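Chain residues, written in single-letter form:
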Amino acid sequence: MDPTVIARLQSSLDSLTDDEESRAHFSAVFYTGLFAEHPLYRSLFPAGMESQGHRFFRAVEFVVKNLPQHRRIRKFLTQLGRDHRRYGVEREHYEAAGVALKRAVRSMYGTSAHSRYKWTPELDEAWSQFTDLVVSTMADGAESDTTPALWGATVVSHERVLDDLAIVRLEADPPIPYGAGQYVGVQIPQRPKMWRYYSPAIPTNPFGQLEFHIRKVSGGWVSPAIVSETNVGDRWVMSTPLGGLEVDFTSDRDVLMIGSGTGIAPLRAQVMEMSQRANNPRVHLFVGGRYPCDLYDLETLWHISLSNPWLTVVPVSEEPENPWWHNGPVLEPPFGMHSRLIGPIGKVVAQFGSWADRQVQISGSPSMIKTTVYALRAGGTPLDQIRHDPLY
């Protein structure tokens, strides 16, 4: 895509969705238009559309902002097309969505909040090129995939490690061929048709074993049910693996990994897989949480580092002590591990230098990712060396 067209698309999206309210409105306009034109499509989606709207906007924003990285965007859209097979989506659905997307953008220009912006033939052409790219790449990706659209898995263990955090272990049939660092769509029996993305915390294996670290999200529908209501024997459904977090072993750069809370899962899976390799780059893994108790998996990571000298694990907590309502002990790093550092994880990592010579991966909440990227960039880390997944 021509650089001028890319710049026009980026400026257009930025001007129309410069706050949370306008982003939510943009998603609502898209889905309202799509369902008005094609009422039967509504049955493909859950009753509550708030989470779906957030993911839709993040996907659009990610593609628009990263259009210059052609291979990365095509890989993302191809994966997303394969993932949408779980809904029974076909090429005609993508084409209808492309029309609805362009209509949503154009209608935003007609609102009072954006009356100072004008819809021009150049914008019309730019968004036409964009929707053509998205539609064709996703549809081609879905049609070229010969793997199953859905996998089934049985819960074999449910461990409540904190009041609001559980580790769930499952066995899939057949094994799901995901890459360490990827994530999958998950649907649980307690919340039909409500899909959420979670990253396995262990590498794939021939026995189909998976492990998910799930934290209860306040006001959420799915995560509270997983933490509080999941039972051994429950059957989960999972979709095609997604995501691009991976170590480039052809690069001469070492690796910086930054994970907060259950965001350590895709990083944990990668270092576990790397421990089976003979040669690895150096890896600095910063593990963060608000309180010391949030560093719930520190001992596992420490044991991995003991037998893998290329791995350095650095624990970080924003607060020096646990909250008053937590009746467990303050978790201190095992003897021999790097001492726990105090402060926001992005700020703490940036204090060590620019990390400009590293491959960088960040995993955590959207706010944690945003503040950490900002801190690293301010410290001199080039943006094109920083990776995080847009939907997970």
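Residues numbered from 1 in each chain as written. Predicted model: local features only at pLDDT ≥ 70, side-chain atom pairs only at ≥ 80, totals over all residues. Heavy atoms only, no water.

Looking up the chain in an unreviewed UniProt entry gives the name nitric oxide dioxygenase, with the organism given as Rhodococcus baikonurensis.

Colleague: Just to check I follow, could you spell out the environment of R55 for this structure?
Modeller: Residue position: R55 is located in helix α3 (residues 50–65). A C-alpha to C-alpha distance of 8.4 Å links R55 and P390, two positions 335 residues apart in sequence. (Helix = DSSP H or I, 4+ residues; strand = E, 2+ residues; numbered from the N terminus.)

Colleague: What exactly am I supposed to notice about the packing of helix α1 (residues 3–16) against helix α6 (residues 121–144) here?
Modeller: When two helices pack together, you describe them by how their axes are tilted relative to each other and by the distance separating the axes. At their nearest, the axes of α1 and α6 sit 9 Å apart, and the two run at 100° to each other. Viewed along their axes, α1 and α6 adopt a mutual orientation that is roughly perpendicular. Residues V5, R8, L9, S12 and L13 of α1 lie in contact with α6, whose contacting residues are E122, L123, A126, W127, Q129 and F130. Class assignment of the residues belonging to the contact of α1 with α6 gives a composition of 7 nonpolar, 2 polar and 2 charged. (Axes fitted to C-alpha atoms, helices over the stretch in contact; angles between N-to-C directions. Parallel < 35°, antiparallel > 145°, perpendicular 65-115°, else oblique. Contact = heavy atoms within 4.5 Å. Nonpolar A, V, L, I, M, F, W, Y, C, P; charged D, E, K, R; others polar.)

Colleague: Before we go on, may I ask you to explain the sheet that holds strand β1 (residues 150–162) in this structure?
Modeller: Consider a sheet: its strands pair through backbone hydrogen bonds, and that pairing is either parallel or antiparallel. Spatially, the 6 strands line up as an open sheet ordered β4-β3-β6-β1-β2-β5, and their pairing is antiparallel. In this open sheet, the two strands that pair with only one neighbour each are β4 (196–198) and β5 (209–215). Here the average twist between neighbouring strands, direction ignored, is 40°. Where strand β2 (residues 165–173) lies against β5, 7 bridges are found, and the strand directions are antiparallel. Its bridge partner lying in β5, E171 is registered against Q209. (Pairing = 2+ DSSP bridges.)

Colleague: When you look at the pattern of salt bridges in this model, what are you seeing that I'm missing?
Modeller: Side-chain pairing between opposite charges can occur once the charged atoms of the two side chains come close. Under the criterion given, the structure shown has 19 salt bridges. Here D83 and R86 are joined by a salt bridge, their closest N and O atoms 2.8 Å apart. One exposure class covers both D83 and R86, and it is buried. Between D140 and R91 there is a salt bridge, with the nearest N and O atoms lying 2.6 Å from each other. Placement of D140 in helix α6 and of R91 in helix α5 (residues 91–108) is noted, with a sequence separation of 49 residues between them. Looking at R91, the relative accessible area reads 28%, which means it is partly exposed. (Salt bridge = Lys/Arg side-chain N within 4 Å of Asp/Glu carboxyl O. Buried < 20%, exposed > 50% of the residue type's maximum accessible area, 1.4 Å probe, protein only.)

Colleague: Help me out: how do you make sense of unusual backbone geometry in this one?
Modeller: One can expect most non-glycine residues to show negative phi and most peptide bonds to be in trans. Residue D173 is joined to P174 through a cis peptide bond whose omega torsion reads -5°. Within the element layout of this structure, P174 appears in the loop between β2 and β3 (184–187). A positive phi angle, close to 70°, is found at K193, a residue other than glycine. Mapped onto the elements of the fold, K193 is located in the loop between β3 and β4. Judged by relative accessible area, which is 39%, K193 ranks as partly exposed. Residue W355 is not a glycine yet carries a positive backbone phi of 55°. You can see W355 is positioned in the loop between α10 (345–350) and β11 (358–363).

Colleague: What should I look at first to understand the pairing of β1 in this one?
Modeller: Along any regular strand, the residues point their side chains to alternate faces of the sheet. Here β1 pairs with strand β6 (residues 235–239) via 5 bridges, running antiparallel. Residue T154 lies in a different strand from β6, and its bridge partner there is R235. Relative to β2, β1 is paired through 9 bridges, and the arrangement is antiparallel. Residue pairing in the sheet places L162 in a bridge with L165 of β2. Once β1 ends, the chain turns through 2 residues before running back antiparallel as β2.

Colleague: How should I be thinking about the nonpolar core in this particular structure?
Modeller: A general trend in soluble globular proteins is that nonpolar side chains are found buried together. Counting residues in each nonpolar core, the largest one holds 50 residues, and the members touching the most others are L9, F26, F30, L77, V105, W127 and F130. Residue assignment for this core shows that the elements contributing at least two residues are α1, α2 (20–37), α3, α4 (70–83), α5 and α6. Membership of the second largest hydrophobic core comes to 48 residues, among which are V186, M194, V222 and C293. (Core = buried A, V, L, I, M, F, W, Y, C linked by side-chain atoms within 4.5 Å.)

Colleague: For this particular structure, what's the right way to read the environment of L80?
Modeller: For L80, the location among the structural elements is in helix α4. Sequence separation of L80 and T240 is 160 residues, and the distance between their C-alpha atoms is 8.8 Å.

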